[in-house]
Protein chains: 2
Amino acid sequence: MTITQLQYVLAVAEHKNFTLAAEKSFVTQPTLSMQVQKLEDELDVLIFDRSKKPITITEVGKKIVDQAKNIVAEAERIKDIVDQDKGYIGGDYTLGIIPTVMPTLLPMFLNAFIKKYPKVNLIIKEQSTKTMIKNVMDGHLDAGIAATPLEIEFIKERPLYYEPFVGYVPKNHRLASEELLSTDHLDVSDILLLQDGHCFREGVINLCKASQNLRGEHFKIESGSFETLVSLADEGMGMTLLPYLNTLHLEENKKINLKSFQKPTPAREISLIYHKSELKIQITDALREVISSIVRGAIAFQDVKIISPLGKN
Amino acid sequence: MTITQLQYVLAVAEHKNFTLAAEKSFVTQPTLSMQVQKLEDELDVLIFDRSKKPITITEVGKKIVDQAKNIVAEAERIKDIVDQDKGYIGGDYTLGIIPTVMPTLLPMFLNAFIKKYPKVNLIIKEQSTKTMIKNVMDGHLDAGIAATPLEIEFIKERPLYYEPFVGYVPKNHRLASEELLSTDHLDVSDILLLQDGHCFREGVINLCKASQNLRGEHFKIESGSFETLVSLADEGMGMTLLPYLNTLHLEENKKINLKSFQKPTPAREISLIYHKSELKIQITDALREVISSIVRGAIAFQDVKIISPLGKN
DNA sequence: TTGTAGCTGGGTAATAGTCATTCAAGTATA
DNA sequence: TATACTTGAATGACTATTACCCAGCTACAA
């Protein structure tokens, strides 16, 4: 049994296809086939059922694949140990970011990070919290930036910052005269929401639920960008809520429509999430340090109340 | 990096000697040297400092060795998974037993076990609890039978049976007239003890301590076997304590000197101990099942009070 | 000096890899 | 229903690599 064989097995398990798995492993299909077979011979079990299409994994196979994941991850860790010892921070690092954070946060820290750690090859992927969790679990992402708390087994959360919710209330709205917003004012049927799948949407809904103002779910209009929501609000379609960082880039004539909440300000917790096994932890720590230090300047810490990003499902 | 290379590194780390490590790994010394070097080259660190004699492990080396142990153990587990799936119970299994249990317990279960699981190659080693713990930790023993509770991190304890202490009180002893012994009667200066290193000795001392009858530590005579202790007692050198199973094989004319304790009977807990990683767990479970079922017939469960086997150190 | 212990060099056998081909199963076409 | 067509894994022949052995060298301590 070799680590290579285990890696091949993992590739096949992932892609359910020998040819594709071979490509991803940068070898030819016969090579990969042979090695998988050799492992199966050595253990004297069938890991894959090749008679079905697409191929399936046998019962033992599943256990073996799980264990193989362990072993391969632990083996990778050795390189980590050496890197850490040398104080070397470099190599590929894949980071997921949720859509509502991406456009505001990324420009803030990206430059500083690649300047400070030029040997790290950052690969950034925008994706939903759900996909991100899956990818962190199976190692396709080294870390992710998402709204927390998620409290998922095998995943660690390290808060980066707390981002207050800010109301965007156009002139003619019933709340336009209020000085500060209160969650009691909110009515979910009146708030323009992001599309399904965005966790900020869930956050807003949870916020409204908290004040029991949920009057049936006849949300009228939904969009994928805050820009659209603001425009719709200006058109008199209702109010909307924005994460604080998204309010910084608004045009001056729109900023006057912004309203803060009374304290404790409802806020979302944005965290770096990564697998408990702490692979590439030195890069993760470096990243956390850079982001925290930068955001510290942008958001004054105050009396906040964290709103959960989780939906009913 | 291959699993073989890691195994070689572990062998060198253990024996602090390339030649010996090579022998134990069933390869020649140059072969092993080369593979270790290759790994060092790949990781670009020195794992061993060959300039010192005996060779030492570098700082990074220690971390690498620890991680290598993980990886190799996890890799072995794969075979375990397969065996478990097939319901196959076989292969080498190394078991440690403490000296005071060995001669009585081993003959009771050995035959039954090898008959029931003929494919398991049992390798039994008599050793002190201290050595046993070390060996279970580093994988040289698959399990051990010892007096518990030990409560050691990374080691699991599964009790097999509770073995009462029985007094051996010769005719002219001050306690000879008592019907049942009480811990209050005991005086450690009057009790013949096993040599240092036996955990049963510690158990007896703890038992006496419990009744605060420790009048200074002027133990006169110490021996390595219960047989000697009994003979010495017959010679009027004092009384002694035996584990229940050791009383079964006494000659009839000596059995009349045996005295039980009042309930709750002081007893030692004998457990199967093994590493938390649960390697070869199916064999361990099989062993536990066989021993428990056999001992159940020999020792009637009663109202017992467990005496700790641990000394001051 | 001798013994101990690791490294080096040359040769061999095992094996991980390649390419080209074959085989099996499903799918479309006549 | 038979026929070709496509997809995806297995097989065979060959090559490159490498893990291994043996013999000998070197460094060092007793």
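Computed from a predicted model, the values in this text were never measured in an experiment.

### Quick notes on the protein's contact with DNA strand D
Right, on to step 1. Contacts to DNA strand D come from 17 residues, most closely from Phe18(A), Thr19(A), Arg50(A), Thr31(B) and Lys38(B).
Right, on to step 2. Per the 4 Å cut-off to the protein, sugar and phosphate atoms form 77% of the nearby atoms of DNA strand D.
Right, on to step 3. Residue Phe18(A) places a main-chain N or O atom 2.7 Å away from a phosphate oxygen belonging to DNA strand D.
Right, on to step 4. Thr28(B) places a polar side-chain atom, nitrogen or oxygen, 2.7 Å from a phosphate oxygen of DNA strand D.
Right, on to step 5. Mapped by element, the contributors of at least two residues to the surface near DNA strand D are α2 (18-24) and α3 (29-43) of chain A together with α3 (29-43) of chain B.
Right, on to step 6. Its residues assigned to classes, the surface near DNA strand D comprises 6 nonpolar, 8 polar and 3 charged.

### Focus on the environment of Glu40(B)
All names here are of chain B.
Right, on to step 1. Positionally, Glu40 belongs in helix α3.
Right, on to step 2. Using a relative accessible area of 5% as the deciding quantity, one classes Glu40 as buried.
Right, on to step 3. For the pair Glu40 and Gly61, spaced 21 residues apart in the sequence, the C-alpha separation amounts to 9.6 Å.
Right, on to step 4. Residues in contact with Glu40, not counting those within four places in the same chain, are Val45, Leu46, Ile47, Phe48 and Arg50.

### Here's the deal with the pairing of strand β3 (residues 91-97) of chain B
Residue and element names in this part refer to chain B.
Right, on to step 1. Among the 7 residues of β3, 5 are classified as buried, and the element is accordingly described as predominantly covered.
Right, on to step 2. Alignment of β3 against strand β4 (residues 120-126), held across 7 bridges, turns out to be parallel. Directly across from Gly91, in β4, lies its bridge partner Val120.
Right, on to step 3. Handedness of the crossover is the feature at issue here: the chain leaves β3, passes through helix α5 (residues 102-116), returns alongside β4, and the resulting connection is right-handed.
Right, on to step 4. Pairing between β3 and strand β5 (residues 143-148): 3 bridges, direction parallel. Across the sheet, the residue bridging to Ile97 is Ile145, located in β5.

### Quick notes on the relation of the copies chain A and chain B
In this arrangement, two copies of a chain are superimposed by a rotation about an axis accompanied by a shift along the axis.
Right, on to step 1. In screw terms, the move from chain A to chain B is a rotation of 180° and a rise of 0.2 Å along the axis, fitting with an RMSD of 0.2 Å. The superposition operator between the copies reduces to a two-fold rotation axis.
Right, on to step 2. Residue by residue, 100% of the interface of chain A is reproduced at the interface of chain B, so both copies engage with the same surface.

### Description of the domain arrangement of chain A
All names here are of chain A.
Right, on to step 1. Taken domain by domain, chain A consists of domain 1 (3-83), domain 2 (90-162 + 268-306) and domain 3 (163-266).
Right, on to step 2. A separation of 30 Å is found between the C-alpha centroids of domain 1 and domain 2.
Right, on to step 3. Across the boundary between the two partners, domain 1 contributes 6 residues, which contact 7 residues of domain 2.
Right, on to step 4. Buried area between domain 1 and domain 2, both sides added, is near 560 Å², and the carbon and sulfur share of it is 43%.
Right, on to step 5. When the area that domain 1 buries against domain 2 is broken down by residue, the three leading residues are Glu14, Arg77 and Asp80, summing to 65%.
Right, on to step 6. The interface formed by domain 1 and domain 2 includes 0 salt bridges.
Right, on to step 7. Between domain 1 and domain 2 we count 3 residue pairs in polar contact (both at pLDDT 80 or more) in total.
Right, on to step 8. A breakdown of the residues in the side of domain 1 that touches domain 2 according to their chemical character gives 1 nonpolar, no polar and 5 charged.

### Side note on the packing of α5(B) against helix α11 (residues 281-298) of chain B
Residue and element names in this part refer to chain B.
Right, on to step 1. Relative orientation of the contacting elements α5 and α11 amounts to 130°, with a least axis distance of 10 Å. Judged on the interaxial angle alone, α11 and α5 are oblique. In terms of crossing hand, the pair formed by α5 and α11 is right-handed. Note on element contacts: α11 touches α5 through Ile283, Ala286, Leu287, Val290, Ile291, Ile294, Val295 and Ala298, opposite Leu105, Met108, Phe109, Ala112, Phe113 and Lys116.
Right, on to step 2. In terms of residue class, the contact of α5 with α11 is built from 13 nonpolar, no polar and 1 charged.

Analysis parameters
- Residues numbered from 1 in each chain as written.
- Chains lettered and ligands numbered in written order.
- Predicted model: local features only at pLDDT ≥ 70, side-chain atom pairs only at ≥ 80, totals over all residues.
- Heavy atoms only, no water.
- Near = heavy atom within 4 Å.
- Polar contact = N/O pair within 3.5 Å; in protein donor to acceptor, adjacent residues only side chain to side chain.
- Helix = DSSP H or I, 4+ residues; strand = E, 2+ residues; numbered from the N terminus.
- Nonpolar A, V, L, I, M, F, W, Y, C, P; charged D, E, K, R; others polar.
- Buried < 20%, exposed > 50% of the residue type's maximum accessible area, 1.4 Å probe, protein only.
- Contact = heavy atoms within 4.5 Å.
- Pairing = 2+ DSSP bridges.
- Right-handed = clockwise from strand over helix to strand, strands pointing away.
- Least-squares fit on C-alpha atoms with pLDDT ≥ 70 in both.
- Domains from an automatic or database assignment.
- Buried area = accessible area lost by both parts, 1.4 Å probe.
- Salt bridge = Lys/Arg side-chain N within 4 Å of Asp/Glu carboxyl O.
- Axes fitted to C-alpha atoms, helices over the stretch in contact; angles between N-to-C directions.
- Parallel < 35°, antiparallel > 145°, perpendicular 65-115°, else oblique.
- Left-handed = near helix turned anticlockwise from the far one by under 90°.

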